[in-house]
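Observations on the model geometry
The chain contents come next:
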Amino acid sequence: MRDILVLGFITMARSVKCLTIIVGIIIFGRFGLATSLKDGNSELPSIGDGQDVALNSPIIEWPTDEVVLEFGKTWNVTCICNHPIVWKPFDSEYNWDPPNINISIHNTTNIKMPYGATLTIMNASALMVGRYYCVHSQKQQEDLDEMIAENVASSINVYVEDPYQFVVPLPVRYYYRNNKLVILCKPAHPEVEVKLCEKFYKSCKSSIDPTKGFLVLETTYIRLEDYYCKVNSTNYTHILPLSHRREKIKKPTIKSNVGDHVPLGRTVRLTCSFEDYGKRNIVISWKTLPSHHLVETDKTISIGKQTRIPLYSALVTRDLIIENATIAHKRTYRCEVFDGENNTYYHNFKLQVRESADDFVLLSTTHNRSTINRWPDKNGEIMPIEIFIKYKAYPSNIAYGWFKDYTGQIDVNDVAMYKQEKTDYYIKLTILQPKAYDTDIYTAVAQAGTAKAMYNMSVFVYDKPYVEMNHIKASEGDFVTFHCAIVAYPSPTVSFRFQPCKEVPLGNCSNLNTTEAEWHITATEDIASIFWTAATFELRACGPGIVYCKANNSEGNTMIQSYLLIENISEFMMLEVVEPKGTITVGDDVSFVCSVFVFVDTVEMSFEQNGTNFQGIVIQNDSKMHKTQLTLFNVGLNHTGDIFCNVTTTTSDDYNNKGPNDARFVHMEVIEPIAPYLSSGDINQTLIVDALKPIILECDVSGTPEPKINWFKEGEPFVQNKSNSTLTSLRIEYAIPTNSGLYECIAANKKGNITLTRNVIVRMPGSK
């Protein structure tokens, strides 16, 4: 909800003491945290859904698969298993060896899980950001991502809230992996949004899984300087030379024609591909896990012939085909590559066969994430929020929509607020300019054929309060209610203060420590609205004043003021002469400004003098202030008298019902101008002053209007320290020879001018 609702204006109640003040708070909205949900026609994934967890899988004793550490802190995590295990930091893209970690092996008291290992991270910083694996000791030299598929490893991703480094150190490195270029550009904290940007096309993209960096299709035109890593307003460029993975044989890839979740009865084709630059004697074989035996062929499973496709490099492929998939085919398949020189590498593919042949759609996020928190950066700006929802579906072409719990479906045409995208693997919603009112539950709903699923993501946008409060006009003695509407997250503390004013319009406002001038805090609630609060402040209108509403939360505070005006409009009028300031003389152009505070639809203002009406020029006309200016040109003695400003108001209820004529007046006295003249002293004078004695120069002149005085020395403007001088005199405390010279005082007004000269001679000691 972007627009704040104003909840009315005045509640009237008579016969109440003037000092009666009531404060309250009204709570709106509903909100709750949610993870993946199911409806009657949908099926959503959960951790371990459809998976056979082997008994020998290591168990990490931590409730989630990621952790955010405080900068400089120490953290411990324990893993247990029924096989000897060890902790190992691992990244499939480069040789990662973080500092300040310690690994200890121990025995447990658990008979079924007798082996334990503890990982300790000390002095946490961005250097330690990455994924840590608990793995069977004899498998620690393998590809640990593949070992997770074999159920002999588990992992946890570690982030650090490092105030000095928003991305992992050395954020841009380049490696060739298979037919793609891997660019490491990873955030140090889950709330840091990183993008990989391409200089030539001036485009940027986000990563679905920030722990994996970015993959770019390899071409012969890729250069180091083509890409940079962007986070907030900082750009990181490459800092290491281009390097290839230092392995004797590359890792193969596996692609499925139907994905990794298939219904019963489907035909599955798994294609294992390997790029052989050296044209070696490559052999591809298919195995099953955990036995590592060759796949047994029968009437449902067949292995295709190995083929070599000549491209820029030689591509070697071999297919595994499963006809009429059944639950028995639900297992992990491994593609292994040998080069005839005892070098081998492999890739695992876990096939999930559903027990139903019906259509399905599965939604998930990276590591089953269900909450996004976003704070302003160091510049006070809030970066766009990107919600990635991965999907697996049959049929593969899905229809989708995004919903907010509070306002309903998000319009695809609302491109100023949101950007919606869809690829073959995920749907994405970007909140372009997040504010506190974007705090909500966002739901992605997807449909594939007859199947439907949805996934909820809770978004919290931390922002200081935005406050609105209306002005109120009331009759004296009325009981009035001010409503202060606040949009903020977290929910703010709200307080009010009334400051009475004695002059109109709202001048001479009292600062006395009276009951009215104290802050009144609204009652706190255990459960507040998620981003919208409406607080009330009630008092009896015993006179005009200002009501302040102050809202404060962890992100800052905001204060707004509204006016309490009394019905008698003439008390809120002011008429003043704005030009000239001071004496008005014959021939002057005289400007008057009439202003009034009033909350009505139409205000008419006019001027009057000696029975003659004048129409002024409107210079301000808004919801609370109306100003009109009148200028009388070349006034004469006959203009002496009272100038009136008349105000007539019209309400929206009845445009024929005009309010009373209220007025203010100011007296204008017009006199004849008099040219400047000497009041005392001589026109010309010579002063001899001993060195280091004070020099005092007087310019005593008069005139109407008051003359403007300027001092000159030897024909040039002379500016003296104002603390020792006035316009009619100059004072130099300690005379020195350079102060000698001819000084002139020129006094001028509209009628003429006069010049006084003072010849100053500074006499040195011993001279005559």
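**Things to note about the overall build of the protein chain**
In terms of regular secondary structure, the protein chain is built from one helix and 65 strands. A burial count over the protein chain gives 46% of its 768 residues as buried. A fraction of 70% describes how many contacts in the protein chain between residues 6 or more apart in sequence connect residues 24 or more apart. Carbon and sulfur atoms make up 50% of the accessible area of the protein chain, which totals about 39400 Å².

**A closer look at empty space enclosed by the protein**
Sizing a probe to match a water molecule and rolling it over the atoms shows the empty space that remains. Inspection of the entire model under this criterion finds four cavities of 30 Å³ or more. Of the voids in this model, the largest cavity is the one considered here, and its volume is about 320 Å³. Lining the largest cavity are 22 residues, and of these Ser207, Ile208, Pro210, Arg369 and Phe388 lie nearest its centre. Counting residues per element, the lining of the largest cavity draws most heavily on strand E31 (residues 385-394), which supplies three residues. Its residues assigned to classes, the lining of the largest cavity comprises 11 nonpolar, six polar and five charged. Size it by volume and the second largest cavity reaches roughly 200 Å³. Lining the second largest cavity are 19 residues, with Asp91, Gly130, Arg131, Lys186 and Thr211 positioned closest to its centre. Counting residues per element, the lining of the second largest cavity draws most heavily on strand E8 (residues 130-136), which supplies three residues. Split into classes, the residues belonging to the lining of the second largest cavity amount to nine nonpolar, four polar and six charged.

**Considerations on the nonpolar core**
With 37 residues, the main nonpolar core has Val361, Leu363, Ile387, Ile389, Trp402, Tyr442 and Val459 as its most contacted residues. For this core, the secondary-structure elements that each account for two or more residues are strand E29 (360-364), E31, strand E35 (426-431), strand E36 (440-448), strand E37 (451-461) and strand E40 (479-489). Per element, the largest residue contribution to this core is seven residues, and it comes from E37. Counting residues in each nonpolar core, the second largest holds 33 residues, with Ala153, Val258, Cys272 and Val337 among its members.

**A few points about the packing of aromatic side chains**
By the definition in use, this model includes 13 aromatic pairs. Ring geometry for phenylalanine 644 against phenylalanine 665: centres 5.3 Å apart, planes inclined by 40°, an arrangement best described as tilted. Here phenylalanine 644, found in strand E54 (residues 641-650), pairs with phenylalanine 665, found in strand E55 (residues 662-668); they are 21 residues apart in sequence, far enough to count as distant. Taking the relative accessible area as the measure of exposure, phenylalanine 644 reaches 31% and is therefore partly exposed. When its relative accessible area of 52% is taken as the criterion, phenylalanine 665 is described as exposed. Here a set of aromatic residues connected by ring pairs shows up, and it is made of Trp375, Phe460, Tyr462 and Tyr489. Positioned above the aromatic ring of tyrosine 346, the side-chain terminus of arginine 334 is 3.7 Å from the ring centre. If you follow lysine 550 out to its NZ or CZ, it ends over the ring of tryptophan 519, 4.2 Å from the centre.

**What about the pattern of salt bridges?**
Inspection of every chain in the model, using the stated rule, returns 15 salt bridges. The salt bridge partner of lysine 195 is glutamate 386, with a shortest N-O separation of 2.7 Å. Remark: glutamate 386 occurs in strand E31 and lysine 195 occurs in strand E12 (residues 194-198); sequence separation between them is 191 residues. Note that glutamate 336 is salt-bridged to lysine 287, the shortest N-O span being 3.0 Å. Of this pair, glutamate 336 sits in strand E26 (residues 332-338) while lysine 287 sits in strand E21 (residues 283-289), and the two are 49 residues apart along the sequence. Assessed through its relative accessible area of 6%, glutamate 336 is described here as buried. Lysine 287 sits in the buried class, given a relative accessible area of 17%. Via salt bridges that share partners, Glu150, Lys287, Arg334 and Glu336 belong to a single interconnected network.

**Considerations on the state of the cysteines**
All chains considered together, the criterion is met by seven disulfides. The disulfide bridge from cysteine 79 ends at cysteine 134, spanning 2.1 Å between sulfur atoms. Judged by the torsion about the S-S bond (-90°), the cysteine 79/cysteine 134 disulfide is left-handed. On the criterion of sequence distance, the pair formed by cysteine 79 in strand E4 (residues 75-81) and cysteine 134 in strand E8 is long-range, its members being 55 residues apart. In this structure cysteine 79 comes out as buried when scored by relative accessible area, which is 0%. The thiol of cysteine 81 is unpaired, and the distance to the nearest cysteine sulfur, on cysteine 79, comes to 6.6 Å. Look at cysteine 81 and you get buried, because its relative accessible area is 0%.

**Description of a nonpolar patch on the surface**
Taken together, the side chains of Leu692, Tyr734 and Ile736 define a hydrophobic patch exposed on the protein surface, amounting to about 340 Å² of accessible area. With respect to the helices and strands, the residue tyrosine 734 is situated in the loop between strand E63 (729-732) and strand E64 (741-749). Classification of tyrosine 734 as exposed rests on a relative accessible area of 59%.

**Examining the confidence of the model for the protein chain**
Residue-level pLDDT values for the protein chain average 80, and 80% of them are 70 or greater. The secondary-structure element of the protein chain with the lowest mean pLDDT is strand E17 (residues 243-244), recorded at 44, while strand E7 (residues 115-121) shows the highest, at 97. Per-residue pLDDT stays below 50 along residues 240-247; that stretch engages in 19 contacts with residues further than four places along the chain or on separate chains. Contacts from residues 524-528, a stretch scored under 50 in pLDDT, to residues over four places away or in other chains number five contacts.

**Considering the sheet that holds E8**
Reading across the sheet, the four strands line up as E3-E9-E8-E5 and stay open at both edges, with mixed pairing between neighbours. Of all the strands in the sheet, just strand E3 (66-70) and strand E5 (85-89) have a single pairing partner and so form its edges. On average, each strand axis in the sheet is tilted by 25° relative to the strand beside it, whichever way the strands run. As paired strands, E5 and E8 are joined by five bridges and run antiparallel to one another. Bridging across to E8, isoleucine 85 finds its partner in histidine 136.

Cut-off values and rules
The residue count restarts for each chain, going from 1 along the sequence in the order it is written. The predicted nature of this model means local features are confined to residues of pLDDT at least 70 and side-chain atom pairs, given and counted, to a pLDDT of 80 or more, with totals for whole chains, interfaces and linings taken over all residues. With hydrogens and water set aside, each side-chain value is computed from the structure's full complement of heavy atoms. In this description a helix means any DSSP run of H or I spanning at least four residues, a strand means any run of E spanning at least two, and both kinds are numbered starting from the N terminus. Categorising residues by exposure relies on relative accessible area from a 1.4 Å probe, with only protein chains included: less than 20% of the type maximum marks a residue as buried, more than 50% marks it as exposed, and the intermediate range marks it as partly exposed. Only heavy atoms matter for contacts: two residues are in contact if any of them lie within 4.5 Å across the pair. The protein chains shown are the only cover counted for residues, whose accessible areas, like all others here, come from Shrake-Rupley with a 1.4 Å probe. Every definition here rests on a 1 Å grid over the protein atoms only: cavities are sets of points where a 1.4 Å probe fits but cannot get out, pockets are open sets enclosed by protein on both sides within 12 Å along at least five of seven lines, and lining residues have some atom within 4 Å of a point. Grid points are joined across faces, edges and corners, and a volume is the space filled by probe spheres set on the points. Under the convention adopted here, Pro, Cys and the residues Ala, Val, Leu, Ile, Met, Phe, Trp and Tyr are nonpolar, Asp, Glu, Lys and Arg are charged, and Gly plus all remaining residues are polar. Put simply, buried Ala, Val, Leu, Ile, Met, Phe, Trp, Tyr and Cys residues joined by side-chain atoms within 4.5 Å make one nonpolar core. In this analysis, rings of Phe, Tyr and Trp, with Trp reduced to its six-membered ring, are considered paired at centre separations within 6.5 Å, and the interplanar angle assigns stacked below 30 degrees, edge-to-face beyond 60, and tilted for intermediate values. Geometrically, a lysine NZ or arginine CZ counts as sitting over a ring once it is within 6 Å of the ring centre and also within 35 degrees of the ring normal. Salt bridge, as used here: a side-chain nitrogen of Lys or Arg that lies within 4 Å of a carboxyl oxygen of Asp or Glu. Sulfur atoms of two cysteines make up a disulfide when they are within 2.5 Å. Patches here are clusters of residues that have more than 30% relative accessible area and form no salt bridge, with a 9 Å joining cutoff for like charges and a 5 Å cutoff for nonpolar side chains (Val, Leu, Ile, Met, Phe, Trp, Tyr). Known as pLDDT, the predictor's confidence for each residue is given on a scale from 0 to 100. Whether two strands pair depends on DSSP finding at least two bridges between them. Throughout, an axis means a line fitted to C-alpha atoms (over the contacting stretch in the case of helices), and angles, computed between N-to-C directions, take values from 0 to 180 degrees.

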